[in-house]
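Given next are the chains, with one letter for each unit.
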Amino acid sequence: MSHVPGLESRSEAPPLLGPLLSPFPLPAGSCPRQMLRSHHRFPITNSAGAPTEAAGKMNILAPVRRDRVLAELPQCLRKEAALHVHKDFHPRVTCACQEHRTGTVGRFKISKVIVVGDLSVGKTCLINRFCKDTFDKNYKATIGVDFEMERFEVLGVPFSLQLWDTAGQERFKCIASTYYRGAQAIIIVFNLNDVASLEHTKQWLADALKENDPSSVLLFLVGSKKDLSTPAQYVLMEKDALKVAQEIKTVQNLPSPGALCHPDSPRA
Ligand SMILES: Nc1nc2c(ncn2[C@@H]2O[C@H](COP(=O)(O)OP(=O)(O)OP(=O)(O)O)[C@@H](O)[C@H]2O)c(=O)[nH]1
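A quick note: this is a predicted structure, and the numbers were derived from the prediction, not measured.

A. Here's a closer look at the overall build of the protein chain. What the protein chain contains, in helices and strands, is 7 helices and 7 strands. Counting helices and strands in the order they occur from the N terminus, the protein chain gives α-α-β-α-β-β-α-β-β-α-β-α-β-α. At a minimum sequence separation of 6, the contacts of the protein chain that also span at least 24 residues come to 71%.

This is how it looks when you write it as structure tokens:
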């Protein structure tokens, strides 16, 4: 298999991503099998690109984890809570609201989440904790991008959550940013012990919003490494973070995402 410098992930897992699992907006001319490694259990193509025995078994998936099965939605997410289903709502708006924005692959609904932020703030650890409930104290920089897929079942409908882990290092930014497009949610991570990383979240967000519709994407600002900060430090940082969150909220409501750009601010 040929090597594409700068485009492999740091995952130790074998390179398993094949065309079948590549419904993502990849840059033109790229080869997903060489570029990305997922953590799927089955190699679905061999080194010659031919389907493996496991590929034939891809439809026999392990059951969705019990804590990923949502049999009932919280009240605020139920249909009755949605204004556009009420009788006197404008029909055009109702129609627009009912459009399906998430993609589908086969019978799977897919949502894409991108995780951005300075280098070493803990993006990978956050994803690993969520997907595998593991924590690695050794730092291995993400090179380019990496991703995880988590399967859910929501009200009986199979649902896949793609979590894109992007590199925080400046030199990989142009590679990573090609994967920003089409996100339903953006998670911007900063280190609670590093005020500069909080400041840089604005730039990360501005870059991510260039590729996404600010009015429809969900934004999350997440502080990491709380265990390393003192209560006093934490209180201060939380205040600053709330201010940034407020700015982010304001900017999301503006017509242009460019307002958050701080071209002069350095990035780690
Ligand atoms: N103590 C502590 N260490 C953490 C925490 N989260 C991450 N780390 C450590 O911080 C280092 C960087 O974590 P990563 O998750 O690799 O950071 P990243 O943001 O993915 O880094 P890049 O891939 O370079 O963008 C690692 O050594 C982790 O073990 C945390 O909550 N507490």
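B. A look at the site of the ligand. Taken together, 21 residues are adjacent to the ligand, and Lys123, Asp136, Tyr139, Thr142 and Gly168 come closest. Thr124 places a polar side-chain atom, nitrogen or oxygen, 2.8 Å from an oxygen atom of the ligand. One of the backbone N or O atoms of Thr142 is found 2.8 Å from an oxygen atom in the ligand. Contact with the protein chains removes 88% of the 650 Å² of surface that the ligand exposes when unbound. The residue inventory of the shell around the ligand, partitioned by class, reads 8 nonpolar, 6 polar and 7 charged.

C. Molecular detail of the side chain of Thr201. In this structure, Thr201 sits in helix H6 (residues 195-210). Other than its neighbours up to four places away in sequence, Thr201 contacts Ile188, Val189, Phe190, Leu221 and Val244.

D. Here's a closer look at the packing of H6 against helix H7 (residues 231-252). At their nearest, the axes of H6 and H7 sit 10 Å apart, and the two run at 10° to each other. Judged on the interaxial angle alone, H7 and H6 are roughly parallel. Touching Val195, Leu198, Thr201, Lys202 and Leu205 of H6 are Met237, Asp240, Ala241, Val244, Glu247 and Ile248, all from H7. Counted by class, the contact of H6 with H7 contains 7 nonpolar, 1 polar and 3 charged residues.

E. Seen up close, the pairing of strand E6 (residues 185-191). For E6, a buried count of 7 out of 7 residues is recorded, marking the element as mostly surrounded by other parts of the structure. Alternating residues of E6 divide into Ala185, Ile187, Val189 and Asn191 and Ile186, Ile188 and Phe190, and every residue in both groups is buried. Bridge count between E6 and strand E7 (residues 218-224): 7 bridges; the pairing is parallel. Bridge pairing links Phe190 to Gly223 in E7. A crossover links E6 with its parallel partner E7, the connecting element being H6, and its sense is right-handed.

F. Spotlight on H6. Between its first and last C-alpha atoms H6 spans 24 Å; for 16 residues at 1.5 Å apiece the expected length is 22 Å, and the two agree. Of all the bends in H6, the greatest measures close to 30° and is centred on Thr201. Most of H6 is tucked away: 12 of the 16 residues are buried. Buried residues of H6: Ser197, Leu198, His200, Thr201, Lys202, Gln203, Trp204, Leu205, Ala206, Asp207, Ala208 and Leu209, and no others.

G. Representation of the pattern of salt bridges. Under the counting rule described, the total for this entry stands at 11 salt bridges. Close ionic contact of Asp207 with Lys173 constitutes a salt bridge, the shortest N to O distance being 2.5 Å. With Asp207 in helix H6 and Lys173 in helix H5 (residues 173-176), this pair connects stretches of sequence that are 34 residues apart. Classification of Asp207 as buried rests on a relative accessible area of 8%. In this structure, Lys202 and Glu199 form a salt bridge, with 3.1 Å as the shortest nitrogen-oxygen distance. Here the residue Lys202 and the residue Glu199 both occupy positions in helix H6, the gap between them amounting to 3 residues, near one helical turn. Taking relative accessible area as the criterion, Lys202 reaches 7% and is therefore assigned buried. Connected through shared salt-bridge partners, Arg65, Asp67, Arg68 and Glu150 make up one network.

H. Broad picture of the pairing of strand E4 (residues 145-154). Taken across its 10 residues, E4 has 7 buried, putting it largely inside the fold. Sheet topology places strand E1 (residues 69-70) next to E4; 2 bridges connect them, and they run parallel. Of the residues in E4, the one forming a bridge with Val69 is Glu153. Sheet topology places E4 next to strand E5 (residues 157-166); 10 bridges connect them, and they run antiparallel. Counted as the bridge partner of Glu150 is Leu161 from E5. The hairpin turn running from E4 into E5, its antiparallel successor, is 2 residues long, and Leu155 in that turn takes a positive phi close to 50°.

Rules used throughout
- Residues numbered from 1 in each chain as written.
- Predicted model: local features only at pLDDT ≥ 70, side-chain atom pairs only at ≥ 80, totals over all residues.
- Heavy atoms only, no water.
- Helix = DSSP H or I, 4+ residues; strand = E, 2+ residues; numbered from the N terminus.
- Contact = heavy atoms within 4.5 Å.
- Near = heavy atom within 4 Å.
- Polar contact = N/O pair within 3.5 Å; in protein donor to acceptor, adjacent residues only side chain to side chain.
- Areas by Shrake-Rupley, 256 points an atom, 1.4 Å probe, with all protein chains shown as cover.
- Nonpolar A, V, L, I, M, F, W, Y, C, P; charged D, E, K, R; others polar.
- Axes fitted to C-alpha atoms, helices over the stretch in contact; angles between N-to-C directions.
- Parallel < 35°, antiparallel > 145°, perpendicular 65-115°, else oblique.
- Buried < 20%, exposed > 50% of the residue type's maximum accessible area, 1.4 Å probe, protein only.
- Pairing = 2+ DSSP bridges.
- Right-handed = clockwise from strand over helix to strand, strands pointing away.
- Expected span 1.5 Å × (residues − 1).
- Bend = angle between axes of the 7 residues up to and from the residue.
- Salt bridge = Lys/Arg side-chain N within 4 Å of Asp/Glu carboxyl O.

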